[in-house]
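Below are the chains, spelled out letter by letter.
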Amino acid sequence: MKLMIKAPAKINLTLDVLHKRPDGYHEVEMIMTTVDLADRLELESLDQDEIQIISHNRFVPDDSRNLAYQAAKLLKERHGIKKGVAIQIDKIIPVAAGLAGGSSDAAAALKGLNELWKLGLSLDELAELGAEIGSDVSFCVYGGTALATGRGEKIQHLPAPPNCWVVLAKPTIGVSTGEVYKNLKLDRMKRPNTKAMIEAIYENDYDKMCANVGNVLESVTLSTYPEVALIKEQMIRFGADTVLMSGSGPTVFGLIRHDSRMHRVYNCLRGFCDQVYAVRMLGDGNPVD
Ligand SMILES: C[C@](O)(CO)[C@H](O)COP(=O)(O)OP(=O)(O)OC[C@H]1O[C@@H](n2ccc(N)nc2=O)[C@H](O)[C@@H]1O
Ligand SMILES: Nc1ncnc2c1ncn2[C@@H]1O[C@H](COP(=O)(O)OP(=O)(O)OP(=O)(O)O)[C@@H](O)[C@H]1O
């Protein structure tokens, strides 16, 4: 039996770090939303007891380092599954980009295998398992829009943000999330107003949303990689209403209300950057197909 499932990317509308925890992780407060740039996973049940990862992207590991592999392994162990699975990943989301590509693949594998192996687990149960794989996986299990706290695994759902275009641009560098957190200076950050962003979402106030985007991890990534700051400047110059780096970077996104402006920003950026996408937010949905 075969099953196809989409794994959408996320962006961070806000990302605040409250403090470093004794376990080495950082206590965060961030608003995330999924966008319609998605990997596609094909899951095929195998009689032999093994997990196979098939990916034609040289940046995606095809062994136990793959987060989708880890998702399958976790479900097999916890539920005594003796069957195997072949997971084919059609990689569309840029890798090591701050868009949670690996985490979303893991979440899609959890949801897909829950169906394939008829485990009957709820989304909450899958999200709890996902937290064991990575901090962003719980959010990716639900998708939509949410406030994430703890190390990112505590999820409070939010309504869809105001409707707009999201132009994503990824410079040709990959960023290690662990390194960015390690180099964060907690006393030198410009912190976002998470409360104001939540209000903007509930009030469906586009201008207020644009005024309150913020990501403390920019302080690290922008100073290490000046090309990220340059893309931010260019996006604003070409007409984006607001710009921000997503997650630990290096992808930058611009929010744009009007179609004509979106086309201008998209076309101008294509001259500077190989990976540029114009997408929509998925809102408050929970896409599973
Ligand atoms: C930057 C974000 O993507 C924003 O959504 C997340 O905070 C990171 O999520 P992620 O990539 O799923 O992170 P994990 O795979 O759990 O952790 C990678 C590394 O980032 C650091 N890390 C991650 C999350 C967190 N709240 N504090 C941390 O300090 C840890 O050093 C960890 O070893
Ligand atoms: N399914 C996967 N897809 C992409 N990368 C994966 C996957 N599984 C494991 N990885 C590894 O994880 C690393 C980070 O990739 P990923 O695309 O998930 O980063 P990211 O978008 O910055 O994640 P996040 O936003 O959650 O921090 C890659 O360099 C790769 O080695």
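Computed from a prediction, not measured in an experiment: that's the story for all the values here.

Some remarks on the UniProt feature "binding site: ATP" (unreviewed entry) in the chain
Listed under "binding site: ATP" (unreviewed entry) in the UniProt record, and renumbered for this structure, are Pro 94, Val 95, Ala 96, Ala 97, Gly 98, Leu 99, Ala 100, Gly 101, Gly 102, Ser 103 and Ser 104. Taking the annotated residues in turn, Pro 94, Val 95, Ala 96, Ala 97, Gly 98, Leu 99, Ala 100, Gly 101, Gly 102 and Ser 103 line the largest pocket. Positionally, Ala 96 belongs in the loop between strand S4 (84-90) and helix H2 (101-116). Residue classification places Ala 96 among the partly exposed residues on the basis of a relative accessible area of 39%. Beyond its immediate stretch of four places on either side in the chain, Ala 96 contacts Lys 170, Ile 173, Gly 174, Val 175, Gly 249 and Pro 250.

Examining the site of ligand 1
Contacts to ligand 1 come from 18 residues, most closely from His 26, Ser 135, Asp 136, Arg 151 and Tyr 181. At 3.1 Å from an oxygen atom of ligand 1 is found a side-chain nitrogen or oxygen belonging to Lys 10. At 2.6 Å, a side-chain N or O of Ser 135 approaches an oxygen atom of ligand 1. The fraction of the free accessible surface of ligand 1 (640 Å²) that becomes covered by protein chains is 79%. Cavity membership is defined here by more than half of the atoms lying within 2 Å of grid points; on that basis ligand 1 lies in the largest pocket.

Some details on unusual backbone geometry
The amide bond that connects Gly 249 to the next residue, Pro 250, takes the cis arrangement and shows omega of 5 degrees. Along the polypeptide, Pro 250 turns up in the loop between strand S9 (242-245) and strand S10 (252-256). Phi is positive for Asn 204, which is not a glycine, with a value near 50 degrees. Relative to the helices and strands, Asn 204 is located in the loop between helix H6 (194-202) and helix H7 (206-211).

Re H6
Listed as buried for H6 are Thr 194, Ala 196, Met 197, Ala 200 and Ile 201. Buried residues of H6, seen end-on, are gathered within an arc of 160 degrees and therefore sit on one face of the element. Set apart from the buried face of H6 by more than 90 degrees, the exposed residues are Lys 195 and Tyr 202. Elements that come into contact with the buried residues of H6 comprise strand S1 (2-20), strand S2 (26-46), strand S5 (145-149), strand S6 (154-158) and H7. Two residues or fewer past H6, Asn 204 is found with a positive phi of approximately 50 degrees.

Structural notes on the site of ligand 2
Taken together, the neighbourhood of ligand 2 is formed by 19 residues, with Ala 96, Gly 102, Asp 105, Asp 136 and Thr 177 sitting nearest. Between ligand 2 and Ala 97, the relevant distance is 3.4 Å, taken from an oxygen atom to a main-chain nitrogen or oxygen of the residue. Applying the majority rule of atoms within 2 Å of the grid points places ligand 2 in the largest pocket. In terms of residue count, the dominant contributor to the shell around ligand 2 is H2 (four residues). Residues that form the shell around ligand 2 fall into these classes: eight nonpolar, six polar and five charged.

Structural notes on helix H9 (residues 226-238)
Compared with the 18 Å implied by 1.5 Å per residue over 13 residues, the 18 Å span of H9 between its first and last C-alpha is a close match. When H9 is considered as a whole, its buried residues turn out to be Val 228, Ile 231, Lys 232, Gln 234, Met 235 and Phe 238. Each buried residue of H9 lies within a common arc of 165 degrees when the element is viewed along its axis, so the set occupies one face. Exposed and oriented more than 90 degrees from the buried face of H9 are Pro 226, Glu 233 and Arg 237. Buried residues along H9 sit in contact with strand S7 (165-170), helix H8 (218-224), S9, S10 and helix H10 (259-270).

A closer look at the domain arrangement of the chain
Structurally, the chain comprises domain 1 (2-158) and domain 2 (165-280). For domain 1 versus domain 2, the separation of C-alpha centres amounts to 23 Å. Facing the 29 residues of domain 1 at the interface are 37 residues of domain 2. Each partner contributes to the roughly 2,500 Å² buried at the junction of domain 1 and domain 2, and carbon and sulfur atoms together form 67% of this total.

What counts and how
Every residue gets a number counted from 1 within its own chain, in the order that chain's sequence is written. Starting at A for chains and at 1 for ligands, labels are handed out in the order in which the entities are written. The model is predicted, so local features are restricted to residues of pLDDT at least 70 and side-chain atom pairs to those at 80 or more, both for listing and for counting; the totals for chains, interfaces and linings are taken over all residues. The side-chain quantities take in all heavy atoms of the structure and omit both hydrogens and water. UniProt positions are given in the numbering used here, feature names are shortened, and annotations may be inferred rather than shown by experiment. Using only the protein atoms, space was sampled on a 1 Å grid; points where a 1.4 Å probe fits but cannot get out form cavities, open sets with protein on both sides within 12 Å along at least five of seven lines form pockets, and lining residues are those with an atom within 4 Å of a point. A run of DSSP states H or I qualifies as a helix once it reaches four residues; a run of E qualifies as a strand once it reaches two. Both are numbered from the N-terminal end. Three exposure classes are used, based on accessible area relative to the maximum for each residue type with a 1.4 Å probe and protein chains only: buried under 20%, partly exposed in between, and exposed over 50%. Two residues form a contact once any of their heavy atoms are found within 4.5 Å. Near, as used in this document, describes a residue that has one of its heavy atoms within 4 Å of the molecule or strand being considered. Here a polar contact means two N or O atoms within 3.5 Å. Within protein one must be a hydrogen donor candidate and the other an acceptor candidate, and residues neighboring in sequence count only if both atoms are side-chain atoms. Computed by Shrake-Rupley with a 1.4 Å probe, the accessible areas treat only the displayed protein chains as cover when residues are assessed. Each molecule is assigned to a cavity or pocket provided more than half of its atoms lie within 2 Å of the corresponding grid points. Each C-beta atom gives one direction from the helix axis, and the arc is the one those directions make. Three residue categories are used. Nonpolar comprises Ala, Val, Leu, Ile, Met, Phe, Trp, Tyr, Cys and Pro, charged comprises Asp, Glu, Lys and Arg, and polar comprises the others, including Gly. Working rule for helices: expected span equals 1.5 Å times residues minus one. Residue ranges for the domains originate in an automatic or database domain assignment. The term buried area denotes the loss of accessible surface (1.4 Å probe radius) that occurs when two parts are joined, taken as the sum for both partners.

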